[in-house]
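Next come the chains, spelled out residue by residue.
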Amino acid sequence: MKHGSRMISSAILILILTWMTIPATLSAGDSGRRVAIALHGGAGTILKKNMTPEKENAYREKLTEALQAGYQVLLQGGSSLDAVQAAIVILEDSPLFNAGKGAVFTNAGTNELDASIMDGKTLNAGAVAAVKRVKNPIKLARTVMEKSWHVLLSGAGAETFAKEQGLELVDPKYFYTERRWQSLQRALEQEKKKRQMRKSEITPETQDDFKFGTVGVTALDQAGNLAAGTSTGGLTNKRFGRIGDSPIIGAGTYANNATCAVSGTGQGEYFIRLNIAHDISAMMEYKGLSVQDAAQQVIAKLTHLGGEGGVIAMDRHGNVAMPFNTAGMYRAYIDADGKPVVKIYREESH
Ligand code: ASP
């Protein structure tokens, strides 16, 4: 009986995930070669009833602006790495997303930013974790990839490197936004309440309401090269120097011309444990799965383990899958006619 109902719920999940997969998103660049770009601005409890039309428009506009910036790079023959970086910088500079300017606060009231980027042609990668003064962490991740022989730099050392390389450093106050500060206050309040609750009173409804806003981009350029990048402030109220999946190559970001480019968003601990981004690539490589099937299977694994989130995954032909298991995921891509498509809620999936 139990086994039967589990099979039914797995079948329903697969149906939902299939419904959330979108068709190819290809457009011709100057040379006639196909280019593609897709991005996410975080997954989580994003419900229409909690949105005002103004807020929704602001998100849609910023996602479109970032998408177009990356797309123009690709149309002009620029690299997928440049397109990923151009789009992410726009999202990092916006207070709307949990990356760069809009980063969430740690338990200590600071902002600690993580980012990574990967080149599908060479499998080169760069990443930074827990930086507090770097205006655009994605630029630093790219610099780590190109100007050092390391993959991941963290904290003060990463900032010294940023300074040496001439990247823009800002006063940590730059990352203060009232909205994120209030989120931290609510999280601290919730934590206090939970400490006072008896174990039996803690139900899914009283658990923390994770609201993600990480950003990520995947792109395919005219030379046929894939790239992926991710940038985040992590989770509100994180502590003890917690680092999520976003700067971990294979967990939050992965790109390989032989398979796909992936960026994830969600509860990073699960993404690290499941090696989500690389797992999609591995399933395509070892099992010959399509990007849609591989991405769906990985989100099914995430759901099975109790984690929340989503991914954008693009294969070397520009086909894109965007499965997620939360109420919504900010996401956008350029369709086959070269038009931007922006979606937020689950109901917009088809
Ligand atoms: N994955 C990010 C982290 O765990 C959070 C997010 O996607 O919003 O740090």
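You'll find the structure just up there.
Residues numbered from 1 in each chain as written. Predicted model: local features only at pLDDT ≥ 70, side-chain atom pairs only at ≥ 80, totals over all residues. Heavy atoms only, no water.

### Section: the site of the ligand
What surrounds the ligand is the set F212, G213, T214, G234, L235, R242, G244, D245, S246, T265, G266 and G268. A distance of 2.6 Å separates a nitrogen atom of the ligand from a polar side-chain atom of D245. G268 places a main-chain nitrogen or oxygen 2.9 Å from an oxygen atom of the ligand. In the complex, the protein chains occlude 100% of the 270 Å² of accessible area that the ligand would expose alone. Classifying every residue of the shell around the ligand by side-chain character gives 2 nonpolar, 8 polar and 2 charged. (Near = heavy atom within 4 Å. Polar contact = N/O pair within 3.5 Å; in protein donor to acceptor, adjacent residues only side chain to side chain. Areas by Shrake-Rupley, 256 points an atom, 1.4 Å probe, with all protein chains shown as cover. Nonpolar A, V, L, I, M, F, W, Y, C, P; charged D, E, K, R; others polar.)

### Section: the environment of A223
Checked against the element boundaries, A223 lands in the loop between β6 (215–220) and β7 (226–232). Here A223 falls in the exposed class, since its relative accessible area comes to 54%. (Helix = DSSP H or I, 4+ residues; strand = E, 2+ residues; numbered from the N terminus. Buried < 20%, exposed > 50% of the residue type's maximum accessible area, 1.4 Å probe, protein only.)

### Quick look at the sheet that holds strand β9 (residues 260–266)
Strand order in the open sheet formed by 4 strands is β8-β9-β10-β11, and the pairing between neighbours is antiparallel. Each edge of the open sheet carries a strand with a single partner, namely β8 (253–255) and β11 (320–321). Two strands pair when backbone bridges link them, and β8 and β9 are joined in this way by 3 bridges, in the antiparallel orientation. For T253, the partnering residue across the bridge sits in β9 and is S263. The strands that helix α8 (residues 276–287) touches are β8, β9 and β10 (309–315); relative to β9, the one it contacts most, it runs at about 145 degrees. Relative to the sheet, helix α9 (residues 291–305) contacts β9, β10 and β11, its axis offset from that of β10 by approximately 160 degrees. (Pairing = 2+ DSSP bridges. Contact = heavy atoms within 4.5 Å. Axes fitted to C-alpha atoms, helices over the stretch in contact; angles between N-to-C directions.)

### Topic: the nonpolar core
Core analysis: the biggest nonpolar cluster contains 53 residues, and I37, L39 and L140 have the highest contact counts within it. Dropping the residues within four chain positions of it, I37 is found in contact with L67, G70, Y71, L74, A83, V217, T218, A219, M314, A332, Y333 and I334. (Core = buried A, V, L, I, M, F, W, Y, C linked by side-chain atoms within 4.5 Å.)

### Regarding unusual backbone geometry
Even without glycine at this site, A130 takes up a positive phi of about 55 degrees. Considering the arrangement of structural elements, one finds A130 in strand β4 (residues 125–131). On the basis of relative accessibility, which here comes to 15%, the residue A130 falls in the buried class. Residues other than glycine seldom take positive phi values, yet F240 does so here, at roughly 60 degrees. Judged by its relative accessible area of 79%, F240 is exposed.

Keep in mind these values describe shape, not function.
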